[in-house]
Amino acid sequence: MKKLISSLALAALPALAFAAPVAEMVTNKGNIEIALDSAKAPKSVANFVAYAKAGHYNGTVFHRVIDGFMIQGGGFDAKLNQKPTRAPIANEANNGLKNDVGTIAMARTSDPNSATAQFFINVAGNDFLNYSSPTPQGAGYAVFGKVTKGMDVVNRIAKLRTGSMNGMQDVPFEPVIIQKVTIKP
């Protein structure tokens, strides 16, 4: 019996050793915990983790907030100055993950392979952002994780009053500061 238990315990070790990373996002509105899916979105997760570990997200803001759609952050400081980024990554939207409520995805320009540091958290089911074809119009937005704690914080952020600031639309009048993002293995 002892041997069987030991064998079962050892069999469970590889699963624990390769557990998906978790991002803990501390904001001035509360904490958000995100399970990252490195199995289905390895490039997007590695990119996000690298920015987090480099401290890039510390002091950035959710600069675009649209209730019933998403909250976007990771690219601008509290004065809405854009932070420098590394080279863009390849779009992984054709990974089977969908832009459902509570998922986190890479933000990008009209170029499907232009994602750098910015991300958004869906506050609605945004099927129109999902991959549908290899064309620029159907390339989709790569989902790479899901909020596991703090969706109430995300929803509160989505309800903030917004307007135009520094030439950008949908900026919260009350800054939502990402104080720190840490990665737990």
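As the structure is a computational prediction, the values presented were derived from the model and not from experiment.

**Examining the overall build of the protein chain**
Phase 1 of the analysis: Tallying secondary structure elements over the protein chain gives three helices and 10 strands in all.
Phase 2 of the analysis: When the helices and strands of the protein chain are listed from N to C terminus, the series reads α-β-β-α-β-β-β-β-β-α-β-β-β.
Phase 3 of the analysis: The globule rule puts the C-alpha radius of gyration for 185 residues at 16 Å, and the 18 Å found for the protein chain is close to it.
Phase 4 of the analysis: Counting only C-alpha atoms and orienting by the principal axes, one finds that the protein chain spans roughly 65 × 40 × 30 Å.
Phase 5 of the analysis: Burial status across the protein chain gives 45% buried among its 185 residues.
Phase 6 of the analysis: For the protein chain, the computed accessible surface area is about 9,500 Å², with 59% contributed by carbon and sulfur atoms.
Phase 7 of the analysis: In the protein chain, which carries 19 positive and 12 negative side-chain charges, the distance between the mean positions of the two groups comes to 7 Å.

**Some words on the pattern of salt bridges**
Phase 1 of the analysis: Inspection of the entire model under this criterion finds five salt bridges.
Phase 2 of the analysis: For K29, the salt bridge goes to E174, with nearest N and O atoms at 2.0 Å. Highlighted residues: K29 in the loop between β1 (22-27) and β2 (30-36) and E174 in the loop between β9 (168-172) and β10 (177-184), separated in sequence by 145 residues.
Phase 3 of the analysis: Where D152 meets R156, a salt bridge forms, and the shortest distance between an N and an O atom there is 3.5 Å. Of the two residues, D152 and R156 are both situated in helix α3 (residues 151-158); the distance of four residues between them amounts to about one turn of the helix.
Phase 4 of the analysis: By relative accessible area, which is 48% here, D152 ends up partly exposed.
Phase 5 of the analysis: Taking relative accessible area as the criterion, R156 reaches 45% and is therefore assigned partly exposed.
Phase 6 of the analysis: By sharing partners, the salt bridges in this structure join E24, E33 and K184 into a single network.

**Here's the deal with the pairing of strand β5 (residues 103-106)**
Phase 1 of the analysis: What you see with β5 is no split at all: T103 and A105 on one side and I104 and M106 on the other are buried throughout.
Phase 2 of the analysis: Sheet topology places β5 next to strand β7 (residues 143-149); three bridges connect them, and they run antiparallel. The residue of β7 that forms the bridge with I104 is G145.
Phase 3 of the analysis: Summarising the sheet, β5 and strand β6 (residues 119-122) pair through three bridges and their orientation is antiparallel. Opposite A105, over in β6, you have F120 as the bridge partner.

Calculation criteria
- Residues numbered from 1 in each chain as written.
- Predicted model: local features only at pLDDT ≥ 70, side-chain atom pairs only at ≥ 80, totals over all residues.
- Heavy atoms only, no water.
- Helix = DSSP H or I, 4+ residues; strand = E, 2+ residues; numbered from the N terminus.
- Rg over C-alpha atoms; globule rule 2.2 N^0.38 Å.
- Buried < 20%, exposed > 50% of the residue type's maximum accessible area, 1.4 Å probe, protein only.
- Areas by Shrake-Rupley, 256 points an atom, 1.4 Å probe, with all protein chains shown as cover.
- Lys, Arg positive; Asp, Glu negative; His and termini not counted.
- Charge placed at Lys NZ, Arg CZ, Asp CG, Glu CD.
- Salt bridge = Lys/Arg side-chain N within 4 Å of Asp/Glu carboxyl O.
- Pairing = 2+ DSSP bridges.

Any link to function would need more than the numbers given here.
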